[in-house]
Amino acid sequence: MSKQPNIIAIDGPAASGKSTLGERLAKHFGYLYFDTGVMYRAVTWAVLHSSCDVRDEIAVTKIAENTQIEVLPPSAACRKYDVLIDGRDITDEIRSPEVEAMVSVVSAYPGVRRAMSLQQRRIGLRGNVVMVGRDIGTVVLPEAPLKVYLEASVEVRAKRRLLEVKQRDPQMSYEEVLQALMRRDEIDSTRSVAPLRPADDAHIIHTDNLTIEEVVRKVIDLSRGV
Ligand code: CDP
């Protein structure tokens, strides 16, 4: 790679370290950090707060097409961003166990994906962006000059996620977190549209035995063609 990549795509399964890596890279390069999972979580929240059944694909798709999701700079130091739906702040609620349990079901609907990836692509094509998700390198921004796919064993991912979740919900057990991750992995990787998988030209990094600093360093080296 001769010059700095203007679009960096990061994909991988839940709790593989995508968002921490994405944020660090965005800071390093002075780029926008964009976490696409937030949009799927926001749509799921909207569905759960409507009278519509999550299994009703047509109704869920309509909600995805008609709901205005805004991701804004954070209003509090403890946040990475504010997420608003039709003006209401739902930043904390999109991490609830209810959203967590249903987000993969909602994200598997082709119409929901179409609505979300169109918006994501528009933002990504402006450039100077680190975009994080499941299908960024394969579907949303296949032209990204640098694609990274993070892998980690499900046990390591569950331990990482438990540490985060414990701050909000001290009752949560390792086993519950592990089961929820495995359920989401299964749905995300077997759906018919945009399943979770590395792009053919993605750099795959296995992070079980790496610190976040080591992962960040590896990707910065990749960006320089090292
Ligand atoms: O933070 P974590 O990795 O647990 O999940 P997330 O990135 O917030 O994504 C939540 C869910 O949204 C995933 O399990 C997928 O079902 C869906 N998602 C997707 O389908 N495509 C994306 N580009 C991003 C997220």
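Residues numbered from 1 in each chain as written. Predicted model: local features only at pLDDT ≥ 70, side-chain atom pairs only at ≥ 80, totals over all residues. Heavy atoms only, no water.

In the region of the ligand, 19 residues are neighbours, and Arg41, Arg113, Arg161, Arg184 and Asp188 sit closest. Take Thr36: an N or O atom from its side chain is 3.0 Å from a nitrogen atom of the ligand. One of the side-chain N or O atoms of Arg41 is found 2.6 Å from an oxygen atom in the ligand. Considered on its own, the ligand offers 530 Å² of accessible surface; in the complex 97% of this is hidden by protein. Among the elements of the structure, helix 2 (37–48), helix 4 (97–107) and helix 8 (174–190) are those that each provide at least two residues to the shell around the ligand. For the shell around the ligand, a count of residues per class yields four nonpolar, five polar and 10 charged. Counting the residues that make up the shell around the ligand, at least three belong to each of domain 1 (1–31 + 128–226) and domain 2 (35–126). (Near = heavy atom within 4 Å. Polar contact = N/O pair within 3.5 Å; in protein donor to acceptor, adjacent residues only side chain to side chain. Areas by Shrake-Rupley, 256 points an atom, 1.4 Å probe, with all protein chains shown as cover. Helix = DSSP H or I, 4+ residues; strand = E, 2+ residues; numbered from the N terminus. Nonpolar A, V, L, I, M, F, W, Y, C, P; charged D, E, K, R; others polar. Domains from an automatic or database assignment.)

According to the domain assignment, the protein chain consists of domain 1 (1–31 + 128–226) and domain 2 (35–126). Centre-to-centre separation of domain 1 and domain 2, based on C-alpha positions: 19 Å. Contact with domain 1, which involves 22 residues of that partner, is made by 22 residues of domain 2. Between domain 1 and domain 2 the total buried area reaches about 1800 Å² when both faces are included, carbon and sulfur atoms providing 54% of it. (Contact = heavy atoms within 4.5 Å. Buried area = accessible area lost by both parts, 1.4 Å probe.)

Before going further, it helps to examine the pattern of salt bridges. In the structure shown here, the tally under the stated rule is 18 salt bridges. Note that Lys80 is salt-bridged to Glu23, the shortest N-O span being 3.4 Å. Placement of the pair is Lys80 in the loop between strand 3 (69–72) and strand 4 (82–85) and Glu23 in helix 1 (residues 18–29), with a sequence separation of 57 residues. On the accessibility criterion, Lys80 (48% relative accessible area) is partly exposed. Two residues, Glu100 and Arg184, come together in a salt bridge whose shortest N-O distance is 2.7 Å. (Salt bridge = Lys/Arg side-chain N within 4 Å of Asp/Glu carboxyl O. Buried < 20%, exposed > 50% of the residue type's maximum accessible area, 1.4 Å probe, protein only.)

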